[in-house]
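Coordinate inspection notes
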Amino acid sequence: MFRAIFFLAIAPVALLVFAEPIHAGPKVDWEKINPSLKGATSSSSITGCLDCHEDYIKSFARTKHALYFKKTLGKSLVQSCEDCHGPTGTHAAEPDFDKKQSTTVSFKTITPQQKSQICLQCHEKQITLHWKGSVHEMANVSCDKCHYVMARKSKRQLSINEDSKKACFTCHADKRARMLRSAHMPLREGKMSCASCHNPHGSLAPNLLKAETTNQTCYICHQEKRGPMLWEHAPVREDCNNCHDSHGSNHLSMLKWKPPYLCQACHSNAGHPDSLNDGSGLPAFGGAGTFIVGKSCLNCHSRIHGSNHPSGARFMR
Amino acid sequence: MKRRFYTMIFLLMLIPGLSWAQDEDAALMPEGLLGDVTLGGAGVFGDSDSFKFGEYTGINDDTGYIIGSSNLTYNRDSYFMNLFTDDLGLDNRSIYWETGITGSYTVYAEYNQIPHLLNNNTLTPFNQPGSTTLTLNPGFVRGGSTTALTIVNRDFELQNERDTGLFGIKSTFGKFNFDMSYKRTERDGTQSIGGPSDGFRSTILPDPIDQVAHDMHAGLSHSGDRGQIELSFDYSLFNNKFDSLIWEGPFDGGNRALINLIARDPDNHSWKVGLSGAYHLTNTTRISSVFQYGIMEQNESLLPFSTSTTTALLPRLKADAQIQTIHGTLNLSSRPLPKLALNLRYRHYQTINDTPIQSFAYIATDDTANTVSAPTNNLPYDMTQNQVDATASYYAFKGTTFKLGYKFDHRKRDFRSVDETKENAITAGVRSSYFKNVSLGYKVTLGVREEVDPYDESKVNFARFGTPGNLTNPLMKRYDISEREQMKHSAHINFTPTARTTYGVYYNFVYDDYDTSQLGLQLSRRHDVTFDWTFLPSDATTINAYYTFENIVTEQLNQDGAGSANNWIANHDNDAHTVGAGVSHQYAEGRVKLSADYWFSDSVEEITFATGANLVGALDMPKLKTRNHNARFTGRYRWSPNVDISMRYLYQKFDIDDFATDGFSPGSSTAPNVLTLFGTLPDFDAHTAMVFFTYRVGTVKN
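Okay, so let's go over this structure. Only a predicted model underlies this, so the values are computations on that prediction, with no experimental measurement involved.

**Describing the sheet that holds strand S14 (residues 259–263) of chain B**
Residue and element names in this part refer to chain B. If you trace the 3 strands from one edge of the open sheet to the other, you get S7-S13-S14, paired in mixed fashion. Edge strands, defined here as strands with exactly one partner in the open sheet, are strand S7 (133–134) and S14. Sheet topology places strand S13 (residues 244–248) next to S14; 5 bridges connect them, and they run antiparallel. Each residue of the ladder has a partner; that of tryptophan 247, found in S14, is asparagine 260.

Next up, the structure:
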């Protein structure tokens with residue numbers, strides 16, 4: 001099995017090694033995107049562009065992209081424009097202002113796939129390696145939903161907002177509310193972003209996670225939970241989300257439900273694990289509250305993520 | 001000769017032209033420093049003496065602090081350097097610096113602090129909270145329950161901090177990219193941990209934290225025109241300076257120990273190699289894959305079974321725990337027709353737990369009689385997962401796409417009540433922008449998880465104890481592996497009646513039905529709806545508002561003893577309302593900008609019970625409530641083309657009702673068997689006023 005998985009997984013790599021040299025790369029077909037670009041030539045100067053697009057060009061000229069095009073690729077500004085908007089000769093020559101937009105590739109009129117394909121000319125690698133076929137690509141999300149390249153709107157990653165979460169919340173509105181719960185990771189304080197755990201550009205892991213599983217993603221910051229432990233708690237080893245709601249909760253430690261009920265959804269051993277812990281068990285109503293107050297079940301079973309104590313089978317040591 | 005002369009003249013004529021072309025761009029691409037620096041001061045006033053207020057900022061009292069941040073970039077020719085800093089005057093400061101040659105290499109470094117204030121409503125009976133040996137305060141008298149203790153407490157605050165330093169380099173050589181990074185994370189402070197003295201008495205302990213994690217990454221990738229390949233290596237080393245925590249037990253009597261010992265998170269390390277690649281078979285078909293192999297290891301020395309035994313009794317002296325992880329995914333993405341997109345994915349994930357199984361004596365909670373109850377085998381849980389995911393998306397007509405999907409998830413597990421489960425799920429959906437100014441979408445998913453072999457808890461007990469029989473009620477099914485029907489709906493509609501107004505409605509529904517579980521989770525139902533509104537009455541004004549309602553309902557069934565007359569059902573019903581609104585307006589050609597934002601989150605959870613004949617009269621739990629208000633008003637005045645003066649006022653309010661801690665004096669006899677460390681986090685009302693100046697470099701535009 002191990003061998004089969006390995007060979008299946010390296011198939012594209014083998015293709016790359018053997019087939020890359022004899023194939024030409026997939027380039028953007030500008031004419032296919034906009035037939036009016038048939039036979040269009042490039043412009044030789046940015047001057048004409050400035051007549052209408054001065055603000056855009058001036059702000060773009062200060063971006064990371066402009067710097068890269070100019071300094072690394074040796075391209076002029078107008079060539080940089082054409083890398084994303086196609087040849088501009090016809091557009092510049094068009095005398096009728098109302099027809100100008102139809103003579104270029106405008107991001108206001110092309111499809112999400114076409115927009116992304118333009119970006120992927122350079123970016124189909126590393127973090128965006130698995131964009132094609134990803135949940136976002138299949139849902140018609142394009143790069144410009146989250147990024148803006150014509151001006152520097154954020155410190156890093158060319159995010160469309162200084163706060164990158166806002167782009168995510170445009171569609172994932174429920175997560176915006178969840179993040180405002182009492183128990184939350186430090187996203188709203190700006191110490192994390194959605195991209196701390198997810199790769200929105202595509203991932204071969206579930207839920208666009210950065211690592212191959214939920215747990216491996218959590219271990220990026222919570223290395224202490226990685227173990228392995230002498231005594232493992234099976235659902236903990238398999239998936240942190242069995243007990244935690246990582247987007248925010250109103251229960252301590254972002255638990256999905258209030259303990260002891262969370263624990264009692266699985267445990268029904270004779271003795272206290274199967275006991276009804278109702279309101280009468282609270283000290284305020286005359287009960288001892290042993291299994292309800294404080295950390296509830298974790299008052300005693302405190303090593304619930306796994307124990308390395310030889311008497312830790314019940315996670316009490 | 002004459003032709004050569006004219007050629008020379010022509011070429012010379014070109015030079016100014018070339019220079020002009022370069023100057024033309026150069027004028028638009030100024031070099032040097034660009035960005036802004038912000039400096040100011042803030043004061044926090046009011047009833048803010050709650051750790052919840054500064055949970056991740058470190059502010060926990062009426063105080064003043066410096067506001068400092070920067071957003072600076074510098075470039076000259078190909079050289080660049082960036083410096084981004086945030087919250088320099090607070091304990092959650094971050095500094096990011098990078099430099100390099102565009103398109104060649106980048107060297108970067110980052111420092112990041114994250115405080116985590118846990119609770120300041122705390123008292124502890126221990127003498128040296130924060131140390132690994134906790135002795136009871138002088139004058140403390142032990143007893144059989146909290147009511148029999150003479151408690152002597154001291155003030156103590158639960159808080160810890162995470163400091164992260166990161167250094168890395170990224171480099172490009174033609175089509176090759178290389179990156180390498182090192183991250184050091186240090187975590188210091190305290191958290192809480194339960195310290196049981198027997199099965200029914202516990203002391204919540206201040207748990208010291210002094211941990212360091214070293215994470216290294218190296219990657220080499222090649223990016224061709226049609227295909228890309230990436231090789232990566234990750235190594236992580238976790239070092240916990242405290243392998244155990246010793247405390248004097250406040251409870252006496254029976255076999256309760258005076259000296260107790262609990263294990264802490266053990267040192268561990270892991271490494272992983274990964275190979276991923278992708279290739280365009282045609283312009284419309286791409287195949288991609290990843291293969292990862294890793295090992296997680298932990299080999300700490302084991303502690304004795306109890307404080308009154310020695311390690312000589314252990315079956316082995318070290319944990320010798322190791323898990324191999326294998327992950328492989330193959331993805332085929334294609335657009336065989338201009339209107340049809342297909343994606344097919346196969347994923348395999350496997351853990352191979354090589355930790356040796358041995359029988360360990362079980363001495364509960366340092367029992368001084370060293371009573372060994374049911375020696376237990378440690379169980380090295382394994383899981384193998386195979387998934388197939390097929391999705392088809394068809395662009396049928398104007399702006400309208402239909403989607404069909406199928407997922408198969410097969411899991412095999414060792415030492416669980418069910419060896420094998422399989423889940424089939426189908427998805428159908430539509431997205432459309434057929435109607436002008438309206439975009440909408442709907443998706444439904446139905447998934448059915450089945451047990452391949454019968455649910456049988458006794459086989460886990462046999463593996464643990466070598467004898468058949470159940471410790472847990474055989475009717476109980478654990479929800480992560482039991483049969484389940486899952487229904488999901490999601491829908492959204494966006495309506496843009498004018499270029500300046502947008503309305504959005506988003507709805508999500510998830511229903512998990514565990515109808516074959518006689519005991520255990522019966523159902524979980526979650527739905528949320530959001531209304532969004534954005535309005536731009538003018539170019540200078542932006543207004544937005546949203547409201548989200550979320551309802552989470554769960555029902556669980558358990559049995560307090562044998563027989564259905566002892567059944568009890570706990571119903572959880574959680575309603576959460578979230579409101580947000582913001583308005584911003586600019587005057588005087590952008591020289592003055594005013595903005596106001598508000599958000600409110602209110603959650604009420606009811607836990608009610610239904611019981612069998614033997615348990616009548618169950619009392620519902622007091623409601624769990626959490627309420628947050630946050631308001632922010634900001635005014636910015638452009639003093640000069642390069643200087644802004646801003647003022648900001650923040651109002652924050654937090655209320656919580658939690659029956660697990662309400663009414664508790666920490667370290668008191670409120671609960672007879674639990675000596676608590678903390679009570680409910682104090683509510684707070686806090687006002688923060690700020691004045692800050694922003695100096696812009698290299699720009700005069702807003």
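Structure's up, so let's keep going.
**Describing empty space enclosed by the protein**
Throughout the structure, instances matching the rule amount to 4 cavities of 30 Å³ or more. Looking at the largest cavity, its volume works out to about 70 Å³. Around the largest cavity, the lining residues are Asn250, His251 and Lys258 of chain A together with Ser603, Glu605, Leu624, Lys625, Thr626, Ile656, Asp657 and Asp658 of chain B. Counting residues per element, the ones that place at least two in the lining of the largest cavity are strand S31 (592–611), strand S32 (624–640) and strand S33 (643–657) of chain B. With 3 residues, S32 of chain B is the largest single contributor of residues to the lining of the largest cavity. For the lining of the largest cavity, the residue count by class is 2 nonpolar, 4 polar and 5 charged.

**Section: unusual backbone geometry**
Cis geometry marks the peptide bond from glycine 227 of chain A to proline 228 of chain A, where omega comes out at 5°. Of note in the backbone geometry, asparagine 370 of chain B takes a positive phi value of approximately 55° without being a glycine. Within the secondary structure, asparagine 370 of chain B is located in the loop between strand S19 (359–360) and strand S20 (376–377). Note on asparagine 370 of chain B: relative accessible area 23%, which makes it partly exposed. For alanine 374 of chain B, which is not glycine, the phi torsion reads 40° and is therefore positive. Relative to the elements of secondary structure, alanine 374 of chain B occurs in the loop between S19 and S20. By relative accessible area, alanine 374 of chain B is classed as partly exposed at 42%.

**Here's the deal with the interface of chain B and chain A**
Taken together, the contact between chain B and chain A spans 205 residues of the former and 141 residues of the latter. Both sides together, the interface formed by chain B and chain A hides about 14,500 Å², and carbon and sulfur atoms give 58% of it. Among the residues of chain B in contact with chain A, Leu28, Tyr362 and Tyr479 of chain B are the three that bury the most area, contributing 5% of the side total. Counting across the interface, chain B meets chain A through 17 salt bridges. Of the charged contacts, one joins lysine 258 of chain A and aspartate 658 of chain B as a salt bridge, the two residues approaching to 2.7 Å between their closest N and O atoms. Connecting chain B to chain A are 72 residue pairs in polar contact (both at pLDDT 80 or more). Of the residues forming the side of chain B that touches chain A, the biggest block, 12 residues, is contributed by strand S17 (residues 321–337) of chain B. When its residues are assigned to classes, the side of chain B that touches chain A shows 81 nonpolar, 78 polar and 46 charged.

**Topic: the side chain of asparagine 160 of chain B**
Residues and elements named next belong to chain B. The topology assignment puts asparagine 160 in strand S9 (residues 158–173). Under the relative-accessibility criterion, asparagine 160 is labelled buried at 8%. Polar side-chain contacts of asparagine 160 include one of 3.1 Å to the backbone oxygen of threonine 190. Apart from residues lying up to four places away in sequence, asparagine 160 is in contact with Ile114, Pro115, His116, Leu118, Arg187, Asp188, Gly189, Thr190, Gln191 and Ile209.

**Details of the pairing of S13 of chain B**
Pairing of S7 of chain B with S13 of chain B, which is carried by 2 bridges, proceeds in the parallel orientation. Bridge assignment links threonine 133 of chain B to a residue of S13 of chain B, and that residue is isoleucine 246 of chain B.

**Notes on the state of the cysteines**
Residues and elements named next belong to chain A. Evaluated as defined, the whole model comprises 0 disulfides over all chains. For cysteine 194, which is in no disulfide, the shortest distance to another cysteine sulfur is to cysteine 168 and amounts to 3.7 Å. Free of any disulfide, cysteine 243 has its nearest neighbouring cysteine sulfur in cysteine 263, separated by 7.2 Å.

Procedures and definitions
- Residues numbered from 1 in each chain as written.
- Chains lettered and ligands numbered in written order.
- Predicted model: local features only at pLDDT ≥ 70, side-chain atom pairs only at ≥ 80, totals over all residues.
- Heavy atoms only, no water.
- Pairing = 2+ DSSP bridges.
- Helix = DSSP H or I, 4+ residues; strand = E, 2+ residues; numbered from the N terminus.
- 1 Å grid on protein atoms, 1.4 Å probe; cavity = no way out; pocket = protein on both sides within 12 Å on 5 of 7 lines; lining within 4 Å.
- Points joined across faces, edges and corners; volume = space filled by probe spheres on them.
- Nonpolar A, V, L, I, M, F, W, Y, C, P; charged D, E, K, R; others polar.
- Buried < 20%, exposed > 50% of the residue type's maximum accessible area, 1.4 Å probe, protein only.
- Contact = heavy atoms within 4.5 Å.
- Buried area = accessible area lost by both parts, 1.4 Å probe.
- Salt bridge = Lys/Arg side-chain N within 4 Å of Asp/Glu carboxyl O.
- Polar contact = N/O pair within 3.5 Å; in protein donor to acceptor, adjacent residues only side chain to side chain.
- Disulfide = S-S within 2.5 Å.

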